[in-house]
Amino acid sequence: MLTVIGEALVDEVVQAGKAPVPHVGGSPMNVAVGLARLGHPVQFLGRIGKDAYGDMVAGHLKTNDVLVPLAPDELPTSVARAVLDTDGAASYEFALDWTLPSLAPSSDSASGGPAESASQFILNGTTLLHTGSIATMLAPGEAHVLAAVVSAHPHATIAYDPNCRPSIIGDVDHARQQAEKFVRLADVIKASDEDLEWLYPGVDPKESARKWLAMGGAEGPAVVVVTQGSGGPWAVCAAGEAECQVPSVEVVDTVGAGDSFMAALLSTLVDRELDGVQRRSELRAISTAVLGELIEYAARAAAITVSRAGANPPSRAELRK
């Protein structure tokens, strides 16, 4: 079983004189859907409300065969609203709530006692856990996510994508501190060059990625990937560096491209049986040739996504074409 923890929300696009057009979104949720479409059993741990938008998110996950073990709560489903002016320029408004009390450690387990937390129970059997974006930087849920990652680390591969949202998490120092907490626990990291430029102003994103690779020592990252839009992905591991070109496609929009890349990257790791703690040393020993194959596969998934509207990740059959 694969697990994704993070936010699910509804994006509203609002134009003058027109009714809002809602779309299901949220970076971690998109990754969960991407993994399911690539044929993997996956559960999504996030929060939605008992409202129409929550039903929309739940329906989207069910349609894509993503398991949802956490029940809706009494708070409204999070909304990100893009208001378009007459020239088509967007301004953004957010109504976000990020709490995950279902994953909070019990008082006994938090103090080192024997009680098992809810996250430990839900994450039993997980061989790979992915998280990132708002979920790892917005209080109070950020602490619950970190506790879940710590709980899963002894038996699961940990994947992380900071997917920074400066318009929501405006404190770059806080964002950097949070990102580095997850970096030290992660085995596989994907970040865009824009993420790294924001987190570390004036530093070459590749140099920041190399520093991330060194964080955590023997228990730190095995692979750090930097996506660069049309410039193609670049990655670094203990054996060296790899890069590839992106396929040439007609771009409709770039919504969800990074999430499709992440899902495909994790999918091909699982296909190669590199997930789970028993494979951690093998993952750290991958060659640059294999690393290049991993990012090339992920880049093809992202290219399919940008060739059509919205966050619409490909199926395994589409990637085989």
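S.K.: Help me understand the overall build of the protein, please; the structure alone is not making it clear to me.
M.R.: Summing up its helical and strand segments, the protein has twelve helices and twelve strands in all. By the compact-globule yardstick of 20 Å for 321 residues, the protein fits well, its C-alpha radius of gyration being 19 Å. Scored against the burial criterion, the 321 residues of the protein give a buried share of 51%. Long-range contacts, defined here as pairs at least 24 residues apart, represent 71% of the contacts in the protein between residues at least 6 apart. In the structure as shown, the protein presents an accessible area of about 13600 Å², 54% of it carried by carbon and sulfur atoms. Put simply, the protein has 23 plus and 39 minus side-chain charges, and the middle of one group is 4 Å from the middle of the other.

S.K.: When you look at the state of the cysteines in this model, what are you seeing that I'm missing?
M.R.: A complete count under the given rule lists zero disulfides for this structure. Looking at cysteine 237, it has no disulfide partner, and the nearest cysteine sulfur is the one in cysteine 244, 14 Å off.

S.K.: Just to check I follow, could you spell out unusual backbone geometry for this structure?
M.R.: Of all residues except glycine, most have a negative phi; of all peptide bonds, most are trans. Residue proline 140 is bonded to the preceding alanine 139 through a cis peptide linkage, with omega at 0 degrees. Within the secondary structure, proline 140 sits in the loop between β7 (128-132) and α5 (141-152). Even without glycine at this site, aspartate 65 takes up a positive phi of about 65 degrees. Its identity as a non-glycine residue notwithstanding, serine 133 has a phi of 60 degrees, on the positive side. The topology assignment puts serine 133 in the loop between β7 and α5.

S.K.: Even after reading the chapter, I still don't get helix α1 (residues 27-37), so can you show me in this structure?
M.R.: Each α-helix turn comprises 3.6 residues. Residues three or four places apart therefore point the same way. Of all eleven residues that make up α1, ten are buried, and the element is covered over most of its length. Of the residues making up α1, those classed as buried are Ser27, Pro28, Met29, Asn30, Val31, Ala32, Val33, Gly34, Leu35 and Ala36. Close packing links the buried residues of α1 with β1 (2-5), β3 (21-25), β4 (42-45), α2 (52-63), β7 and α9 (257-271). Backbone geometry just after α1 places glycine 39 at a positive phi near 95 degrees.

S.K.: Got a minute to help me understand the environment of valine 79 in this structure?
M.R.: With respect to the element layout, valine 79 can be found in strand β5 (residues 79-84). Once the C-alpha coordinates of valine 79 and arginine 280 are considered, the two residues, 201 residues apart in sequence, prove to be 37 Å apart. In this structure valine 79 touches Val10, Glu12, Tyr53, Glu93, Phe94, Ala95 and Leu96, once residues within four positions along its chain are discounted.

S.K.: Before we go on, may I ask you to explain the pattern of salt bridges in this structure?
M.R.: Between side chains of opposite charge, pairing is possible as soon as their charged atoms come close. What the rule picks out here adds up to 17 salt bridges. Ionic pairing is found between aspartate 187 and arginine 280, a salt bridge with its closest N-O pair at 2.9 Å. Here arginine 280 lies in helix α10 (residues 280-284) and aspartate 187 lies in the loop between α6 (172-185) and β9 (188-192), a separation of 93 residues in the sequence. Its relative accessible area of 7% is what places arginine 280 among the buried residues. Overlapping salt bridges, with partners in common, bring together Asp187, Glu219, Arg280 and Arg284 in one network.

S.K.: Would you explain the pairing of β1 in this entry?
M.R.: On a regular strand, one side chain projects to one face of the sheet and the next to the other, so that they alternate. On β1, burial covers both faces: Leu2 and Val4 on one face and Thr3 and Ile5 on the other are all buried. One ladder, built from four bridges, connects β1 with β4; its direction is parallel. Across the sheet, residue valine 4 finds its bridge partner in β4, namely phenylalanine 44. Examined bridge by bridge, β1 and β7 share four bridges and lie parallel to one another. In the strand pairing of β7, threonine 3 is matched with leucine 129.

S.K.: What am I meant to see in α6 here?
M.R.: Taking 1.5 Å as the rise per residue, α6 with 14 residues should run 20 Å; its terminal C-alpha atoms sit 20 Å apart, in good agreement. Each element contacted by the buried residues of α6 is listed here: β7, α5, β8 (157-161), β9, α7 (193-199) and α8 (205-214).

S.K.: Sorry, what's going on with the sheet that holds β7 here?
M.R.: Backbone-to-backbone hydrogen bonds pair the strands of a sheet. The strands run either parallel or antiparallel. Strands sit in the order β4-β1-β7-β8-β9-β10-β11-β12 across an open sheet of eight strands; the sheet is mixed. Here the strands that pair on one side only, and so sit at the sheet edges, are β4 and β12 (240-243). Taking the axes of each pair of neighbouring strands and ignoring which way they run, one obtains an average angle of 15 degrees across the sheet. Alignment of β8 against β9, held across two bridges, turns out to be parallel. Counterpart to tyrosine 160 in the pairing with β9 is isoleucine 189. Where helix α11 (residues 288-306) meets the sheet, it contacts β10 (223-227), β11 (234-237) and β12, and its direction lies at approximately 30 degrees from that of β12.

About the thresholds
Residues numbered from 1 in each chain as written. Predicted model: local features only at pLDDT ≥ 70, side-chain atom pairs only at ≥ 80, totals over all residues. Heavy atoms only, no water. Helix = DSSP H or I, 4+ residues; strand = E, 2+ residues; numbered from the N terminus. Rg over C-alpha atoms; globule rule 2.2 N^0.38 Å. Buried < 20%, exposed > 50% of the residue type's maximum accessible area, 1.4 Å probe, protein only. Contact = heavy atoms within 4.5 Å. Areas by Shrake-Rupley, 256 points an atom, 1.4 Å probe, with all protein chains shown as cover. Lys, Arg positive; Asp, Glu negative; His and termini not counted. Charge placed at Lys NZ, Arg CZ, Asp CG, Glu CD. Disulfide = S-S within 2.5 Å. Salt bridge = Lys/Arg side-chain N within 4 Å of Asp/Glu carboxyl O. Pairing = 2+ DSSP bridges. Expected span 1.5 Å × (residues − 1). Axes fitted to C-alpha atoms, helices over the stretch in contact; angles between N-to-C directions.

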